Structures are given as C-alpha cells and as structure tokens.
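# Analysis of the macromolecular model
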Amino acid sequence: MPKHKDINSVLIIGSGPIIIGQACEFDYSGTQALRSLREDGIETILINSNPATIMTDPTMADHVYLLPLTTKSIIKILKEHPQIDAVLPTMGGQTALNLAIQADEKGIWKDFGVKLIGVDIDAINITEDREKFRELMLKIGVGMAPQATANSYLKGKEIAQDFGFPLVIRASYTLGGEGASFVHNKEDFDELLTRGLEVSPIHEVMIDKALIGWKEYELELLRDRNDNVVIICTIENMDPMGIHTGDSITIAPAMTLSDTTFQRMRDMAIHMMRSIGDFAGGCNVQFAVSPDEKEEIIAIEINPRVSRSSALASKATGYPIAKIAAKLAIGYTLDELSNQITKSTSALFEPTLDYVVVKIPRWNFDKFEGSDRTLGLQMKAVGEVMAIGRSFQEALHKATQSLEIKRNGLGADGKGYKDYDQIIEKLTYASWDRVFVIYDAIQMGIPLSRIHEITKIDMWFLKQYEELHNLEREISTYKIDTIDRDLLLEAKQKGYGDRQIAHMLGCLESQVYKKRDEFNIKRVYKLVDTCAAEFKAQTPYYYSTFENEVETPDGVLEPANESVVSNKKKIIVLGSGPNRIGQGIEFDYCCVHGVLAASECGYETIMINCNPETVSTDFDIADKLYFEPVFWEHIYDIIQHEKPEGVIVQLGGQTALKLAEKLDRYGIKIIGTTFESLDLAEDRGSFSKLLKDNNIPYPEFDVATNADEALAVADKLDFPILVRPSYVLGGQGMKIVINKKELEEHVVDLLRGLPNNKLLLDHYLDGAIEAEADAICDGENVYIIGIMEHIEPCGIHSGDSNATLPPFNLGEFVLQQIKDHTKKIALALKTVGLINIQFAIKDDKVYIIEANPRASRTVPFIAKAYGEPYVNYATKVMLGEKKVTDFDFKPHLDGFAIKQPVFSFNKFPNVNKKLGPEMKSTGESILFIDSLKDDEFYNLYSRRKMYLSK
C-alpha cells in the first residue's frame with residue numbers, strides 16, 4: 001500500500017488533443033503514472049478527450065472518461081465516483097494544470113473532499129504569475145533578467161520606455177510559448193504587445209530585457225516528502241536564448257558548462273524547487289548562462305509538473321521520471337523506491353551517462369502555407385527525434401538520420417546549400433534546417449568566428465562540426481579500394497552513414513557495407529543503464545555504436561556487444577519515427593498493441609523507434625528496445641544481429657511501410673500483408689486495374705510525370721481535377737485545381753519538391769459525400785470494424801474531417817456497396833491484418849478513392865468508440881495465430897462517436913487556414929452524442945456547407 005493510507009482512488013487529468021506545444025510526451029507521462037499507481041493497488045480514474053493515445057486505452061486505467069477537459073466533466077466524474085480521494089494534475093501538461101486551477105477556484109475539489117497531490121495550488125500560481133515568481137526569486141537570491149508585468153497596453157509602453165530594446169514579451173498562463181515574441185525595435189512593439197495581451201487568459205504579459213546570445217539549460221528534478229531532491233538530467237540547448245526549448249536542438253548531458261557553474265546551477269534549482277511550495281513530485285527548471293568567463297546564471301522559469309523535457313530526460317537517462325513522480329505524490333520517499341533499470345540500487349540517485357543524447361525537433365512548415373519559418377520564442381515543431389551515441393558527433397548524425405526529411409545525415413549527400421547569401425540569411429534568422437546549414441557554412445569556408453558571431457552557438461559545438469567536415473574532406477581523397485580500416489572506423493564512430501561514405505568515395509552504399517564487413521567494422525549495441533556501467537542493468541534498452549575490437553576470453557577479436565541474442569522466436573515491430581502532421585500518436589498506439597499481442601502469442605518482442613515522446617519507446621513495453629533511427633542501415637544491422645521470424649511494418653505508418661520494399665528485396669519476411677500487396681495499393685495504375693477487374697467504380701484518372709503530360713490528361717478528364725503525388729503521407733502536395741493554369745503551376749511546383757514522382761490526376765467528384773471503412777482480413781475472411789461518414793464533403797482530407805461513427809445519413813443501399821467493396825478489395829489485395837478504404841459517394845453510387853492495407857489513423861478512434869482491442873486482434877491475424885472467425889466481436893456504442901480534428905493555426909498568425917486535400921490538423925478529440933439532435937452535431941453539420949461553395 002502507498003505511504004499515505006488515505007489515498008485509495010486517484011483522478012488523473014490528461015492533456016487532451018495534440019497541439020503544437022503539448023504533444024504526446026504527456027501521454028507517455030500519464031501512461032507511466034497510471035501504471036505506477038495501479039502497481040500499488042490504487043484505483044485510477046482518467047479524464048482525457050484524445051482517442052488516438054494509448055493512455056485512453058481501457059487497459060490503462062480502471063475507469064477511462066473520454067470527455068472534454070472542462071470543470072463540467074470533472075463534476076460529472078466526481079459525482080459518479082464519490083470514492084476519489086485525490087487528483088494528480090501534473091501529468092497532463094499546461095492543460096491539466098489550468099483545469100486543476102479552474103476547479104480549485106470554483107471550489108470543486110473542496111466540495112467533493114478531493115486533495116491535490118504532486119503539486120500544490122500555491123506552487124502553480126507562483127510559477128505562472130510572473131510578477132510573484134520574480135519577487136520570490138529575488139527574495140531567495142536567484143538572479144532574474146530585468147522584467148516587469150503589464151496588464152494593459154499603456155503599462156506595456158511605459159515598461160518598454162524604461163528598459164529599451166531588444167525586449168521579450170511573454171504571455172502569462174499559456175503553452176508552448178504562445179504569444180511570446182522578441183521585439184528588436186519600437187515599430188513592432190505595439191502589435192506584439194497587443195497579441196500577447198490577447199492570447200493570455202488573464203490578459204497579462206511579462207516584459208523582459210532580452211538575454212540574446214546567452215546559453216540555455218534545463219534541469220529535471222524530483223523531490224519527496226522528506227525533502228530529498230535528485231537532479232535526474234541536465235539538458236543543454238545548442239541554440240542560445242531566443243529560440244523556444246521545444247524548437248531547440250538539445251543535448252544531454254550538458255557539454256559546455258564548467259563544473260563550478262554546474263554546481264551553482266544545481267544548488268539554485270534545488271533552492272528554487274523548495275521555495276515554491278511544499279509538495280512531492282517532479283519539476284523542470286530553466287536557466288540562462290552568460291557566454292563569458294563569469295558564467296552568470298539567471299533563472300528563466302520553473303514548472304512544477306512533468307514537462308515536455310521530462311519524457312526526453314526519462315528516455316535519455318533510463319530513469320522513469322513520471323513513474324517515480326507518481327509514487328512520490330502518493331507518499332513514497334526516494335530511498336524506498338528501487339532504480340527501475342538496475343533493480344538493485346535505490347531511486348535516490350542521480351543518473352550518470354557514459355553516452356551523449358541529441359534531440360532535434362521535427363517541423364511541418366510545408367503544411368502551413370505562408371507561415372513564418374524562422375524560429376523564435378513561440379514553439380512551432382510538431383514532433384522530435386532523439387539519438388544516442390558515444391560522442392556528440394555520432395548522436396548528432398544519428399538524430400539527423402532519424403528526421404525522415406530525405407537527408408542521410410550532415411553533409412555528404414549533395415543536398416547542402418551552396419549560395420553564400422542564403423546560408424548567411426538562414427544563420428541570421430534561425431531556420432528550421434540550421435542543423436544542416438552550419439555544416440554547409442563550414443563547407444563553404446565561412447570562418448567559425450563568423451558563424452559564432454551570427455548564431456551565438458557555443459564554439460565547442462562549432463568545432464565538433466568542423467572536425468566532421470575535415471574528416472569528410474580527408475575521406476573524399478580516397479576510393480573504396482584505397483580507404484584503410486582506421487579511417488573507415490573513425491567515420492562510422494562519428495556517425496556517418498554508409499550512404500554518406502559512399503557519396504564521399506564515389507561508390508555504392510552496398511560496397512561500403514561490404515568493405516565494413518571485410519574490415520570487421522560491426523555495429524555493436526550498448527545498454528542504457530543509468531549508472532555508466534557501475535551496476536548491472538536488468539532492462540534491455542539499447543543503442544548502437546562502433547568500437548575497436550577487443551580480444552574475447554576464447555581469443556577472438558570482436559567489439560564488445562552488450563545485446564545478447566536469445567534463442568526464442570522473435571518479432572520486430574518498426575515504429576513510426578517522429579510525430580508529424582499525417583502521422584501522429586495513433587501509430588504509437590498501434591505499435592504498443594502490436595508488441596503486446598505478439599508477446600501474448602509467445603514471441604520475444606523487439607521495438608525499433610527514435611521518438612522520445614512515445615509509450616512504444618518506454619523501456620518496459622517490448623522485451624527489447626532499440627532506440628535507433630528508423631533508417632535502413634540501422635534496421636538491417638539489428639535484423640542481422642537478432643534474426644527475427646519477421647518484421648511488422650503495417651503498424652508504424654508510412655515510415656515503416658516505406659521500408660517494406662528494402663525488407664522484401666533482402667529476403668526478410670514481412671509479417672502480414674506482403675510487399676507486393678502493399679505496393680499494388682500504392683501504384684494507382686495497378687490498383688485501378690484491380691478495381692476494374694472486380695467491377696468496383698473509381699473516379700476517372702490518369703498518371704503524369706511532367707507538366708506536358710498533365711495538361712494532355714486534363715483534356716481527357718473534366719475539371720475540377722485532384723492532383724496528388726504517389727507514396728506520400730497526410731495528403732502531402734494534394735490539391736484540387738479548376739483550370740489549366742492552376743494545374744501547370746501546381747505540377748511544376750510539386751515536381752520541384754518531389755522530383756521523379758508519379759503524379760495521379762483524378763476527376764474530382766464535386767459535392768460528393770466521403771466515407772471510410774477499416775477492416776481486419778486474414779486472407780479469407782473480412783470483418784469490418786467500423787464505417788465512418790465525414791461531415792465535411794469529399795475533398796477535405798480525412799484527417800481534417802469530422803468523422804461520425806456509425807454513419808448518420810447513408811442509406812442501406814449505399815452501406816451495402818461500402819461493405820461489398822471493402823470485402824472485395826481486402827481479399828483481392830490478399831490483405832493479412834488491417835486495411836483502410838476511403839470512399840466518395842455521389843448519386844447513391846460508391847466510388848473508391850484509395851485503399852491502405854495497414855493500420856490507419858482512425859483505428860484507435862474506432863477501438864475506443866466500440867470498446868474493442870482491434871489492433872490486438874489484427875496482430876494475431878498477421879502472425880497467423882488466429883483467423884478472423886476465431887474472435888467474438890462485441891462492439892458497443894450508444895448513439896454516435898465523432899472524431900473531431902484539432903488545429904494549431906494559432907502558432908502561425910498569417911497562415912492560410914483553408915482546408916483541402918492536404919492534412920493540416922495536429923491532433924483530435926472524441927465527442928460522444930446520444931442523437932443527431934445534439935447541438936454540437938447540428939453546429940458541425942451546418943458548417944459543412946461552406947466547403948461546398950465553388
């Protein structure tokens with residue numbers, strides 16, 4: 001039992017739909033907290049409106065409420081569960097904290113006798129109210145930048161006059177730096193001050209003197225009720241102050257901090273945490289350090305909750321912060337808990353890293369036409385990748401290989417910038433691709449001193465880049481036949497991919513791989529053990545690196561490998577890499593269920609993924625976790641090492657699917673639907689022939705590879721025409737054009753960004769209704785798990801549409817066509833596992849838009865709406881353990897469930913907010929209604945008409 005005997009039932013508040021600034025790292029933290037409390041026999045009640053996450057899976061909590069995050073919902077839950085003793089609001093980001101404060105102000109917690117754990121209201125108020133926070137810091141002797149609060153336009157103008165420019169404006173009680181901005185001159189001040197005041201829920205801003213060029217650090221702390229404090233991780237931002245930490249390239253442990261300054265910073269962080277309130281739980285503190293010999297430290301902010309960086313810090317160190325924070329909140333002390341990795345030492349320890357971790361954010365600016373792509377105080381990234389290496393250089397390379405932006409790492413791929421003015425501009429106005437631009441600048445011969453002067457990035461990092469560039473120059477003087485072992489090993493130790501080395505040597509990637517094999521330069525796997533190998537780790541959580549050979553006891557020269565291969569039958573699940581628009585947390589949900597289902601079938605499960613925000617990369621989900629890029633070279637080496645029965649690709653979105661061709665070519669078994677079938681569904685010509693052979697209607701279409709061909713096709717098809725590239729995700733590059741001029745412009749534009757791509761031109765069925773179906777097929781039997789009708793018309797991407805389950809106005813005749821088409825297509829594609837099919841309905845005729853024989857974005861939504869573990873079933877079908885007919889399907893739903901998209905347009909004030917065939921939503925929530933007379937449904941349905949106007 002927990003140390004507080006009076007806590008037996010806990011309410012956890014989730015973070016709601018995914019938006020920029022608050023993504024699935026809180027889903028990961030909340031999931032850990034739920035599992036942690038249930039270990040202690042505590043009843044868990046969860047409120048969260050996000051259907052895509054594993055957190056809202058019925059297996060995760062005793063009671064899951066998929067309700068809007070409002071005080072009205074909180075009251076409903078507390079009435080239904082009078083036994084709730086406490087609420088834990090620190091796992092659901094700013095959304096959960098704000099809701100907890102609202103409930104407190106309305107006296108709800110008091111009325112129901114519920115106490116707040118993990119934080120106290122005073123601590124939240126002190127840290128959110130920047131004026132109170134400033135006063136407290138000055139009182140305890142912690143330095144702050146000169147700053148003042150303004151809650152009116154006039155007051156703001158006075159402060160600016162006193163401080164002078166440059167300034168920083170930060171809005172109070174907001175998330176992801178919303179409403180924050182740098183003001184370099186008087187002309188921009190009025191507009192930015194007004195925006196900050198409007199965005200803040202209490203119409204208040206803090207105006208600081210800007211610390212441009214100072215270095216930025218974050219510390220993750222935990223404290224128990226006996227006032228023991230441990231610092232789990234110190235994270236250094238490679239980018240100086242002025243770029244939001246969520247948009248910064250970050251490194252753990254800190255690289256350029258002197259030991260004395262680090263000790264001062266530790267003491268300050270502990271002092272700050274103790275001063276804001278008497279609570280047991282987690283805390284995140286951010287500091288700025290002057291870039292001179294004095295290393296002056298100034299506090300930026302403190303968050304008395306699990307933060308965005310807590311997930312990163314947990315994955316970087318192997319210390320499960322949220323799990324331990326939940327235990328501390330119910331009264332345990334750190335010395336009573338065990339280190340989850342070693343199982344032999346206590347949790348009252350600070351992890352020691354004998355490796356380096358690099359996080360790089362992932363952006364999606366292409367989805368926000370007209371957006372400002374420079375980075376600043378307001379977060380714009382939609383996801384992130386993390387990489388582990390023996391050195392900063394290796395980890396940096398692995399992180400760039402994880403991004404999935406068609407780069408093979410830093411440099412050596414012929415894709416760098418060559419224009420001096422463009423490089424200088426991208427460095428001056430921090431660009432999303434600056435991690436690559438720094439390398440290009442060095443390659444061009446721009447001195448490090450000039451790069452430092454522009455970017456203010458610490459010279460240590462720039463010298464690491466320079467070393468990489470020098471190594472590339474040296475390797476480029478050799479050929480594949482003349483390069484020696486030491487030089488090739490050094491390139492691999494510094495993280496260069498085989499593709500990059502092939503580029504330098506002017507040969508094929510396969511030749512580099514062969515050469516490595518000849519030289520016995522093999523990737524080896526190391527444990528993430530939290531204690532620099534001082535104690536034996538029990539948890540199989542690995543990263544790869546390259547080492548010199550050592551002599552084994554039996555006299556063989558081999559590099560030391562810590563990943564021991566068992567003789568059990570194994571399955572590898574490929575993860576979905578970094579979150580982005582079109583491929584989000586729903587695929588993490590699918591991967592987790594896939595791993596658990598394979599485990600139930602007696603397989604040893606192996607997960608490969610590089611996303612630190614997700615539950616699939618938690619160290620105790622799969623039997624073995626490889627925290628590696630979902631990048632061919634890394635995956636192939638793991639497969640060679642582990643020799644699995646096969647690889648599951650259909651749960652990790654387009655990321656995993658794209659690797660199916662390589663797996664097939666190398667003779668590696670794909671579990672479930674074969675590569676031929678996956679490829680057939682992607683190839684529009686072959687797929688249309690399949691539809692034709694089965695008498696299934698589809699819109700008229702043709703294929704073009706250039707603008708001339710597209711214009712010729714337009715003469716055959718009537719406008720409007722839907723143009724889309726093949727093999728892309730989330731409707732990337734899709735557009736409806738209504739004349740030849742628009743068609744030509746779009747085709748030229750598309751082929752510039754996606755050279756050699758096949759373009760599909762469909763006659764767009766104007767005004768049609770769109771519907772989609774998900775099904776499980778075993779090659780012989782098909783079970784449709786759900787049919788959804790979109791409220792918006794055909795032409796709005798399915799991810800941006802309000803989807804209603806079951807359909808609300810499709811007649812029996814239309815529904816029967818959907819069922820018949822789904823079964824025919826699933827069988828014709830020889831599907832084994834999941835399939836999603838999208839339909840357009842016009843004049844009671846059902847046309848096929850596309851079919852995806854894989855897990856889709858809507859599978860978790862259907863599973864939550866009907867209360868059925870469909871991914872678990874589908875995985876067992878893929879593995880050949882079960883037939884569809886072996887399951888007793890019992891879907892249950894009273895009324896209707898609506899999947900509602902959520903957008904993050906507020907991060908891009910000038911962006912085009914119109915919806916179309918290219919997906920723009922960052923997340924979703926679920927809404928349950930009893931009938932179609934519900935006001936919310938009526939509002940959604942009445943708005944659909946505006947999309948139908950010509």
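Please read all numbers here as calculations on a predicted model, not as lab measurements.

## Quick word on the pattern of salt bridges
Where side chains of opposite charge bring their charged atoms close, a pairing between them can arise. Applying the stated criterion to the full structure yields 50 salt bridges. A salt bridge links Glu547 to Arg390; its shortest N-O distance comes to 3.5 Å. You can see Glu547 sitting in the loop between strand S18 (541-546) and strand S19 (550-551) and its partner Arg390 sitting in the loop between strand S16 (383-389) and helix H12 (392-402), a full 157 residues away along the chain. Of the residues examined, Arg390 reaches a relative accessible area of 32% and is grouped as partly exposed. A salt bridge links Glu661 to Arg665, with the shortest nitrogen-to-oxygen separation between them at 3.9 Å. One end of the pair is Glu661 and the other is Arg665, both in helix H23 (residues 660-665) and four residues apart, which spans about a single turn. When its relative accessible area of 55% is taken as the criterion, Arg665 is described as exposed. Residues joined by salt bridges that share partners form a network here, namely Lys492, Asp498, Arg516, Arg523, Glu633 and Asp637.

## Topic: the sheet that holds strand S7 (residues 167-171)
Sheet architecture is open: four strands sit in the order S6-S9-S7-S8, paired in antiparallel fashion. With one partner strand each, in any of the chains shown, strand S6 (147-150) and strand S8 (181-183) form the two edges of the open sheet. Looking at each pair of strands side by side, their axes are set apart by 25 degrees on average, direction ignored. Judged from the three bridges that link them, S7 and S8 form a sheet pairing that is antiparallel. When the sheet's bridge partners are listed, Leu167 is paired in S8 with Val183. Docked against the sheet, helix H6 (residues 130-139) engages S6, S7 and strand S9 (205-209), running at close to 155 degrees with respect to S6. Packed onto the sheet, helix H8 (residues 186-199) meets S6, S7, S8 and S9 and runs at close to 20 degrees relative to S7.

## Let's talk about the sheet that holds strand S28 (residues 759-763)
Pairing is antiparallel across the open sheet formed by four strands, whose spatial order is S25-S28-S26-S27. With one partner strand each, in any of the chains shown, strand S25 (701-704) and strand S27 (735-737) form the two edges of the open sheet. This sheet shows a mean twist of 25 degrees between the axes of neighbouring strands, independent of strand direction. The strands that helix H26 (residues 707-716) touches are S25, strand S26 (721-725) and S28; relative to S25, the one it contacts most, it runs at about 165 degrees.

Rules used throughout
- Residues numbered from 1 in each chain as written.
- Predicted model: local features only at pLDDT ≥ 70, side-chain atom pairs only at ≥ 80, totals over all residues.
- Heavy atoms only, no water.
- Salt bridge = Lys/Arg side-chain N within 4 Å of Asp/Glu carboxyl O.
- Helix = DSSP H or I, 4+ residues; strand = E, 2+ residues; numbered from the N terminus.
- Buried < 20%, exposed > 50% of the residue type's maximum accessible area, 1.4 Å probe, protein only.
- Pairing = 2+ DSSP bridges.
- Axes fitted to C-alpha atoms, helices over the stretch in contact; angles between N-to-C directions.
- Contact = heavy atoms within 4.5 Å.

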